[in-house]
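What follows is the residue order along each chain.
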Amino acid sequence: MIPAVQVIPLLRPRSLQSRAFDYRLPEGAERAPLLGELVTVPFGRRRVRGVVTALGASGEVAFARLAPLHSMSGVVLPPELLAVAGFLSEHYLAPAGASLRAVTPVHLLKEPAAEREISWVEPVLSETGDAPANAASPDGAAQSTESGGREAETKPQRAALTARQKEVFEQLLPEGEPVAELTRRLGTTRAVVAALEEKGYLRRLLRPPREAAGLEPENPSDPPAPLALTEEQSVALARLTEALEEGEAARALLWGVTGSGKTEVYLRLLERVLARDGGAIVLVPEIALTLQTVNRVRERFGDQVAVLHSALPEGRRLKESARVFSGEARIVVGARSAVFAPVRDLRMIIVDEAHDASYKQEEEPRYDARTVAWWRIRQGGGLHLEGSATPRLESLHDSRLVLRLKERPTGQKLPRVEVIDLRSQGGRGVLSPAAGEALREVMRRGEQAIVLLNRRGYASFLRCPACGEVVLCPRCEISLTYFRREAVVRCHHCGHGAEAPELCPACGRAALERGSPGTERLSDELLQIVPRNGLFRLDSDTVTSTGRVQEVLEGFARTRPSLLVGTQMVAKGHDFPGVTLVVVADSDTALYLPDFRAGERTFQLLAQVAGRAGRGKDPGRVLVQTWNPEVGCIRMALDQRGEAFYREESAIRRRLGYPPYAELIRILLSGKDEKQVRAGAAYLFERFAKYLADDELLGPARLPVIRRRSRWHLLLRVEEPERGRHLVERALAQLRGPYLRRGIDVMVDVEPQSFG
Ligand code: ADP
Ligand code: ZN
């Protein structure tokens, strides 16, 4: 038997420890571990989950001094998942441990307790279905001889239970549940569970029982009949079906205006996949904001669908994950990380609302789910399909097949979009008099409206009119956001909060002025237009859980007249037929961000939120307040001329050498010691400068301090991504040793989406 193995611990993303470590087999092990098997190993003072990546030790090692494996799960990660992890490490230069962790299904990560936890338990009812005998009851013994006497001759009588054991037994779920969940739910201990098992009242299962594994059908009635497709939908479906079934891997984009019936096309494609015994993944942005789509897939395909979603209750999440792993569920719907789902015979991955920023993971491994999806499809053939009304330029560029849906099947017209030039408007509020009047009119008619302001809090900063001081976070070089109701200031980068000062903390001479208004201030203003119970606010300060998001959206949908106000969260795929007016309070918020995608993001946000209007009979109206009516992306979003925007944007990107015409790799160094960080950045710059042309290397540039850490970054902009990755890898190997010991963190972000 192989006495030692190498294991990569599945450590938290930021951990630098990502190489393999040697372990020996414990004494008396019945078998050797398998390649790719999930095991539990001691690591430092903890026990962690890991994956066996090689059999035999890494070299000459003193066998006796190796730590022993703690346990083996018996579960081997399929080679396909190991390959995806390999891709993450190679393409995104991610630590191997983080990559393996990302691809491991959650129900298998859920360890090291898992070897214990794998034990689900279910009650064992006695043959007669009677209640268990109770030792605490004085006549318990008599009862059991009387009622169970006959049985006792053929079967041993079960031992009596204590009062506490009996109480637990009576509350066991007939369909079974994991031990950990049971003890938590009933506030009991593992000792009680063990006693019940010993006495034969409870049975351990190695896997969740099948019958209990499904999500309760949300809608037990028959699945809705498929809609008759429009001409545009039929054409798109035919082309996509062809691409799906031709065997080769195909990358396609379904570019359809908001409400054009993209989901119906997805559903038809899913039918095809299932009909040929294949599997598919449907990715959606944050689930809370896309429940309508998720539910439509579940309605249509019932039990064959698993929903992978971090906000599901723990037990359900693990069950869903196990159903995918076992092959029981053939369609997976989920957010970003569902792209790793080990779906059998994967034939298609759909990335819905593919422009959404949530597809990029901002921690190790820093992957873009679109890229991973396409890589997976390329391995085995099939269809990679992105859908959006406002695709990223990259999607347009990368897709071999682009299909358009320009009309809404319901015959609804796209809303009329009008600009309100704030330069010519009087009034002191966030809303111009014209927008206020339009909202009042909608309220008078008993309809609904959405107001978007992509800025949180009451005011974006506080400033002293006497000395000019802006109230900054003590840990970050960032102004603090003011919240009036709570009378606090808060940092959106590190979470620091403090009581809001009345007078300038620097000079003490004057009361502070408030900077640009946010959603809190706008809500106050809107209360003059709509009663409190008709005003719904959606932003990350007031709505902190998935459940709350649903409550707010449902509350808004139910109430007439009503107003929904919030940040970009209100722009996402909701379908509210009663909305006849959308107001964009400040369309310029994203315009001046130091990001080459600022124009695209502004265009997308405007076009998306505009699409929330006119989903009912009334075509609806969109009012966009702006200080910059001449700026291209705003003008073109107003005209809803997608083509014009993309043509212009594409020319700019090509000229400046940005994606999709080049690949970016961002390297961010951070640390407490500004000098060291700067020196590290300068070192990297010099190394890269030897191999790269001037316009392939940007920086090094200083960024604002966050959490007391100085930050510098560099940007590589290369046409051949392989060359860039290679350079970075070699430079970092040299940098990491000496600099990391001095407390410098290096982050590598391939295909970066944010630059702050
Ligand atoms: P998208 O995903 O493109 O925003 P949806 O798929 O949500 O659009 O469709 C918008 C609305 O149009 C939905 O209410 C949907 O039921 C309806 N719809 C879609 N296709 C058809 C069709 N062929 N006939 C009638 N209604 C349709
Ligand atoms: Zn801060």
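This write-up is about the structure you can find in this document. (Residues numbered from 1 in each chain as written. Chains lettered and ligands numbered in written order. Predicted model: local features only at pLDDT ≥ 70, side-chain atom pairs only at ≥ 80, totals over all residues. Heavy atoms only, no water.)

### Quick notes on the sheet that holds strand β24 (residues 562-566)
Across the sheet, which stays open at both edges, the 6 strands sit in the order β16-β26-β25-β17-β24-β23 with parallel pairing between neighbours. The sheet terminates laterally at β16 (416-421) and β23 (535-538), the two strands that pair on one side only. Across this sheet, the average inter-strand angle for adjacent strands is 15 degrees, counted without regard to direction. Sheet topology note: the strand β17 (residues 448-452)/strand β25 (residues 579-584) ladder contains 5 bridges and is parallel. (Pairing = 2+ DSSP bridges. Helix = DSSP H or I, 4+ residues; strand = E, 2+ residues; numbered from the N terminus. Axes fitted to C-alpha atoms, helices over the stretch in contact; angles between N-to-C directions.)

### Here we look at the site of ligand 1
Around ligand 1, a shell composed of 16 residues is seen, among which A228, Q233, G259, K262 and T263 lie nearest. Q233 is positioned such that a nitrogen or oxygen atom in its side chain is 2.8 Å from a nitrogen atom of ligand 1. Relative to its unbound accessible surface of 560 Å², ligand 1 loses 78% to contact with the protein. The element best represented in the shell around ligand 1 is helix α10 (residues 262-275), accounting for 3 residues. Tallied by class, residues from the shell around ligand 1 come to 5 nonpolar, 7 polar and 4 charged. (Near = heavy atom within 4 Å. Polar contact = N/O pair within 3.5 Å; in protein donor to acceptor, adjacent residues only side chain to side chain. Areas by Shrake-Rupley, 256 points an atom, 1.4 Å probe, with all protein chains shown as cover. Nonpolar A, V, L, I, M, F, W, Y, C, P; charged D, E, K, R; others polar.)

### A short note on the pattern of salt bridges
By the definition in use, this model includes 53 salt bridges. For E245, the salt bridge identified is with R276, shortest N-O distance 3.4 Å. In this pair, E245 is assigned in helix α9 (residues 231-245) and R276 in the loop between α10 and β10 (279-283), connecting sequence segments 31 residues apart. Of the residues examined, E245 reaches a relative accessible area of 26% and is grouped as partly exposed. Several salt bridges share partner residues, and in doing so they unite R251, D368, R370, E386, R392 and D398 into one network. (Salt bridge = Lys/Arg side-chain N within 4 Å of Asp/Glu carboxyl O. Buried < 20%, exposed > 50% of the residue type's maximum accessible area, 1.4 Å probe, protein only.)

### Let's talk about the sheet that holds strand β14 (residues 382-388)
Strands sit in the order β11-β12-β10-β13-β14-β9-β15 across an open sheet of 7 strands; the sheet is parallel. Of all the strands in the sheet, just β11 (305-308) and β15 (401-405) have a single pairing partner and so form its edges. The mean angle between the axes of side-by-side strands here comes to 15 degrees, regardless of whether they run parallel or antiparallel. Across 5 bridges, strand β9 (residues 249-256) lies against β15 in parallel orientation. Residue G256 lies in a different strand from β15, and its bridge partner there is L405.

### Observations concerning unusual backbone geometry
Look at the link from R560 to P561: it is a cis peptide, with omega at -15 degrees. Structurally, P561 is set in the loop between α17 (546-558) and β24. Along the chain, G699 connects to P700 via a cis peptide bond; the corresponding omega equals 0 degrees. Along the chain, the position of P700 falls in strand β28 (residues 697-706).

### A closer look at the coordination of the zinc ion (ligand 2)
Those donors, C473 (SG), C476 (SG), C491 (SG) and C494 (SG), are the protein atoms that reach the zinc ion (ligand 2), and they lie 2.3 Å from it. In this structure, the zinc ion (ligand 2) is surrounded by 4 donor atoms whose angles at the metal cover 106 to 113 degrees, and the resulting shape is tetrahedral. The sequence motif formed by the donor residues of the zinc ion (ligand 2) is C-x2-C-x14-C-x2-C. With C476 in the loop between β18 (462-463) and β19 (481-483) and C491 in the loop between β20 (488-490) and β21 (497-499), this residue pair connects regions lying 15 residues apart in the sequence. (Donors = N, O, S within 2.8 Å, 3.2 Å for Na, K, Ca; no water. Tetrahedral: all angles 85-135°; square planar, octahedral: opposite > 155°, others 65-115°.)

### Re the side chain of E447
Note on placement: E447 falls in the loop between α15 (433-444) and β17. A polar atom in the side chain of E447 sits 3.1 Å from the side chain of R445. Not counting residues within four places of it along the chain, the set of residues in contact with E447 comprises V442, P561, S562, G578 and T580. (Contact = heavy atoms within 4.5 Å.)

### Some points on helix α21 (residues 674-691)
The end-to-end C-alpha distance of α21 is 27 Å, a good match for the 26 Å that 18 residues give at a rise of 1.5 Å each. Those residues of α21 that fall on the buried side of the exposure criterion are V677, G680, A681, L684, R687 and F688. Buried residues of α21 fall within an arc of 130 degrees about the axis and therefore sit on the same side. Those residues of α21 that are exposed and angled more than 90 degrees off the buried face are K675, E686 and K690. N-cap assignment for α21: the residue whose side-chain oxygen lies 3.0 Å from the backbone N of K675 is D673. (Expected span 1.5 Å × (residues − 1). Arc of directions from axis to C-beta.)

### Re the nonpolar core
Within the largest apolar cluster, 64 residues are counted, with the highest numbers of intra-cluster contacts made by L669 and F688. For this core, the element with the most residues is helix α13 (residues 369-380), which contributes 6 residues. When sequence neighbours within four positions are dropped, the list of residues in contact with L669 reads V677, G680, A681, L684, S710, R711, W712, L714, L735, I744, D745 and V746. (Core = buried A, V, L, I, M, F, W, Y, C linked by side-chain atoms within 4.5 Å.)

### Considering helix α16 (residues 519-526)
Among the 8 residues that make up α16, 7 are buried, leaving the element largely enclosed by the rest of the structure. Inspection of α16 places T519, E520, L522, S523, D524, E525 and L526 among the buried residues, and these make up the whole buried set. Tucked into the core, α16 has its buried residues touching α15, β17, β19, β23 and β24.

### A few points about the packing of helix α1 (residues 79-91) against α13
For any two helices packed against each other, one specifies the inter-axial angle together with the distance between the axes. The contact between α1 and α13 brings their axes to 11 Å, and the two run at 130 degrees. By the angle between their axes, α1 is oblique relative to α13. When you trace α1 past α13, the crossing you get is right-handed. Note on element contacts: α13 touches α1 through T371, V372, W375 and R376, opposite E80, A83, V84, F87, L88 and H91. (Parallel < 35°, antiparallel > 145°, perpendicular 65-115°, else oblique. Left-handed = near helix turned anticlockwise from the far one by under 90°.)

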